[in-house]
Amino acid sequence: MSNVKVRFAPSPTGNLHVGNLRTALVNFLFARRHGGHFMLRIDDTDTDRSTAAFEESIRADLVWMGMQWDSEDRQSARLERYDAALQQLVADGRAYACYETPEELALKRKAQLSAGRPPVYDRAALNLTDERKAAFESEGRRPHWRFLLDNSEVAWTDMVRGDVSYHMSSLSDPVLFREDGRVIYTMASVVDDIDYAITHIIRGEDHVTNSAAQIQLFEALGATAPVMGHVALLAGADGEGLSKRLGSLSIGQLREDGTEAAALASLLARIGTSDPVVPCADMTTIIEGFDLSRFGRATAKFDPAELAQVNMRVIQQLGFAAVADRLAALDVGGGEAFWLAVRDNLEAVSEAEYWWQVCTAPLKPVIEAAEVTDAAAELLPAGDLGDVWGDWTKSVGAATGARGRGLFMPIRLALTGQARGPEIAPLLPFIGRERILARLRGETG
Ligand code: GLU
């Protein structure tokens, strides 16, 4: 057992979308690849926007993906810890009370920008006298608390981005607690990562600036920052940011559209890396093939058309046991033989129902070449339909002179009503002799 411990820390303020599911997956795969620990941390300090329903849906998505977590906690259960950490920072002179209202801060920023200066907080509150603070308090103002950044360069070796450095003079001292007493993520996350001994923080590159400030916060709290890795964000197939539609596409929606968890995992584990996407039907193979060092800085392209391709190739690998329950729920019969007959032609497992209907429910045939289908009706061998195809079509060909497409397509059109679909041979037993004969004769059957 290694000491690797990572966490996925969703805020339950919305459903997971592909971008944050990818962050979860990369953490999960990293933990499993290194025999480590994968923690689920619910970042629910934003009580206005967090809901139990979103949390449930996030958990359901993780379970569906096969990403079982080893432990969990929630930030709303740890508020006392964050208060204690703030007291420690205040005592050490690393956190200070500020009384500006949002309007006052906005005015400051505006003035800085129009003077051509970066809108960095001016630390005016550091100079407040005790009398001034008391005056604010008696006006009914409550302080918000900022972390006093050390005005130096923060550098780290990022698992994905390599050497990164940030000069803190370009950053405002981050707010740790709001005036209403609520902790801000920047603070809560660091306290949690310390208390839970997280060894690696892997998240999206939108957190790079946060990380720079948080590294100082780890140190101010007497800890060493975990190893950091910031994976590039997802872009659409055209390299632009994810479109609004894709960006908000929920995992529930993808699931309803027939996406297999393994297909999504196969794709998300590889986009943004220099390795090819390999459709894998089981997580173990995906774990074995995972290597965070293969992730690059270039934006990772998420292409729904590629997902559809990977999905089809994953479905082709699914054994009957993996789908039996779903087929039963759709009233698809035929057991393993039917599944094996159709799985190569499905964009979604649920489409098996469509082919089951084609085989077993009345259908209006399409007669393209009556001489071929009439001969086929006449020459259908007696006995088990499971292995008649070769001899049967040979004899129909001999009797009519039809070959290739001219032989097979009329039979396909008559038996299924359409030009494309699974191989006909293994479907014959499911259609059954009576229907086969009726359809070949042009009768609805
Ligand atoms: N709750 C944060 C988010 O969803 C977590 C970021 C982190 O991994 O630290 O962005």
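This text follows the structure it describes.
Residues numbered from 1 in each chain as written. Predicted model: local features only at pLDDT ≥ 70, side-chain atom pairs only at ≥ 80, totals over all residues. Heavy atoms only, no water.

1. A short note on the sheet that holds strand S2 (residues 37-42)
Backbone hydrogen bonds are what pair the strands of a sheet, in a parallel or an antiparallel way.
So, step 1. Within the open sheet, the 3 strands sit side by side as S1-S2-S3. Their pairing is parallel. Two strands close off the open sheet at either side, each with one partner strand: strand S1 (5-8) and strand S3 (71-74). The average undirected angle you get between the axes of adjacent strands in this sheet is 25 degrees.
So, step 2. Taken together, the 4 bridges between S2 and S3 define a ladder with parallel strand orientation. When the bridges of S3 are listed, Leu-40 appears paired with Glu-72.
So, step 3. In the packing of helix H1 (residues 18-33) onto the sheet, contacts are made with S1 and S2, and the angle to S1 comes to roughly 160 degrees.
So, step 4. Contacting S1, S2 and S3, helix H2 (residues 52-65) crosses the sheet at an angle of about 160 degrees to S2. (Pairing = 2+ DSSP bridges. Helix = DSSP H or I, 4+ residues; strand = E, 2+ residues; numbered from the N terminus. Axes fitted to C-alpha atoms, helices over the stretch in contact; angles between N-to-C directions. Contact = heavy atoms within 4.5 Å.)

2. Remarks on the environment of Thr-45
So, step 1. Considering the arrangement of structural elements, one finds Thr-45 in the loop between S2 and H2.
So, step 2. Sequence separation between Thr-45 and Asn-3 is 42 residues, and the spatial gap between their C-alpha atoms is 28 Å.
So, step 3. If sequence neighbours within four positions are ignored, Thr-45 has contacts with Gln-75, Leu-79, Arg-182 and Val-183.

3. Remarks on the site of the ligand
So, step 1. Neighbouring the ligand are the residues Arg-7, Ala-9, Ser-11, Asp-43, Tyr-185, Ser-189, Arg-203 and His-207.
So, step 2. At 3.0 Å from a nitrogen atom of the ligand is found a side-chain nitrogen or oxygen belonging to Ser-11.
So, step 3. Coverage of the ligand by the protein amounts to 78% of the 300 Å² it exposes when considered alone. (Near = heavy atom within 4 Å. Polar contact = N/O pair within 3.5 Å; in protein donor to acceptor, adjacent residues only side chain to side chain. Areas by Shrake-Rupley, 256 points an atom, 1.4 Å probe, with all protein chains shown as cover.)

4. Quick word on unusual backbone geometry
So, step 1. A positive phi angle is found at Ala-197, which is not glycine, with a value near 55 degrees.
So, step 2. We classify Ala-197 as partly exposed; its relative accessible area is 48%.
So, step 3. In this model, Asp-331 sits at a positive phi of 60 degrees, which is unusual for a non-glycine residue.
So, step 4. Mapped onto the fold, Asp-331 is located in the loop between helix H13 (320-329) and helix H14 (335-342).
So, step 5. Note on Asp-331: relative accessible area 64%, which makes it exposed. (Buried < 20%, exposed > 50% of the residue type's maximum accessible area, 1.4 Å probe, protein only.)

5. Regarding the sheet that holds strand S8 (residues 175-177)
So, step 1. Strand order in this open sheet of 3 strands is S4-S5-S8, and the pairing throughout is antiparallel. A strand with exactly one partner marks an edge of an open sheet, and here the two such strands are strand S4 (95-98) and S8. With direction set aside, neighbouring strand axes in the sheet form an average angle of 40 degrees.
So, step 2. Here helix H3 (residues 79-91) sits on the sheet and contacts S4, strand S5 (144-147) and S8; the angle it forms with S8, its principal contact strand, is near 125 degrees.

6. Details of the pairing of S5
So, step 1. Strand direction decides the pairing type here: S4 and S5, joined by 4 bridges, are antiparallel. Bridge assignment links Tyr-96 to a residue of S5, and that residue is Arg-146.
So, step 2. As paired strands, S5 and S8 are joined by 2 bridges and run antiparallel to one another. Of the residues in S8, the one forming a bridge with Trp-145 is Phe-177.

7. Structural notes on helix H17 (residues 389-400)
So, step 1. Over its 12 residues, H17 runs 16 Å from end to end, which matches the ideal 16 Å to within 8%, given 1.5 Å per residue.
So, step 2. Within the span of H17, buried status applies to Trp-389, Trp-392, Thr-393, Val-396 and Gly-397. Take H17 and look down its axis: the buried residues cluster within an arc of 130 degrees, on one side only. Opposite the buried face of H17, at more than 90 degrees from it, the exposed residues are Asp-391, Lys-394, Ala-398 and Ala-399.
So, step 3. Among the structural elements, helix H16 (370-379), helix H18 (404-416), helix H19 (428-431) and helix H20 (433-440) are those in contact with the buried residues of H17. (Expected span 1.5 Å × (residues − 1). Arc of directions from axis to C-beta.)

8. Here's the deal with the packing of H16 against H17
So, step 1. At a minimum axis separation of 9 Å, H16 and H17 run at an interaxial angle of 130 degrees. By the angle class used here, H16 and H17 are oblique. For the crossing formed where H16 meets H17, the hand is right-handed. For the pair H16 and H17, the contacting residues are Glu-371, Val-372, Ala-375, Ala-376 and Leu-379 in the first and Trp-392, Ser-395, Val-396, Ala-399 and Thr-400 in the second.
So, step 2. When grouped by side-chain class, the residues that make up the contact of H16 with H17 number 7 nonpolar, 2 polar and 1 charged. (Parallel < 35°, antiparallel > 145°, perpendicular 65-115°, else oblique. Left-handed = near helix turned anticlockwise from the far one by under 90°. Nonpolar A, V, L, I, M, F, W, Y, C, P; charged D, E, K, R; others polar.)

9. Quick look at the pattern of salt bridges
So, step 1. In total, this model carries 27 salt bridges according to the counting rule given.
So, step 2. Ionic pairing is found between Arg-255 and Asp-61, a salt bridge with its closest N-O pair at 3.2 Å. Of the two residues, Arg-255 sits in helix H9 (residues 251-256) while Asp-61 sits in helix H2, which places them 194 residues apart along the sequence.
So, step 3. Given the relative accessible area of 30%, Arg-255 is considered partly exposed.
So, step 4. Of the charged contacts in the structure, one is a salt bridge between Arg-182 and Asp-180, with a shortest N-O distance of 3.1 Å.
So, step 5. Taking the relative accessible area as the measure of exposure, Asp-180 reaches 46% and is therefore partly exposed.
So, step 6. Three or more residues joined by partner-sharing salt bridges are found here, namely Arg-7, Arg-41, Asp-43, Arg-78, Arg-81, Asp-192, Asp-193 and Asp-195. (Salt bridge = Lys/Arg side-chain N within 4 Å of Asp/Glu carboxyl O.)

10. Considering the side chain of Asp-193
So, step 1. Structurally, the position occupied by Asp-193 is in helix H6 (residues 185-195).
So, step 2. For Asp-193, a relative accessible area of 2% translates into the label buried.
So, step 3. Among all residues touching Asp-193, those that are not within four sequence positions of it are Arg-7, Arg-41, Ile-198, Ile-201 and Phe-218.

11. Considering the pairing of strand S9 (residues 200-204)
So, step 1. In terms of burial, S9 is a largely internal element, 5 of the 5 residues being buried.
So, step 2. Pairing of S9 with strand S10 (residues 227-231) involves 5 bridges; the strand directions are parallel. Looking at S10, one finds that Gly-204 is bridged to Val-231.

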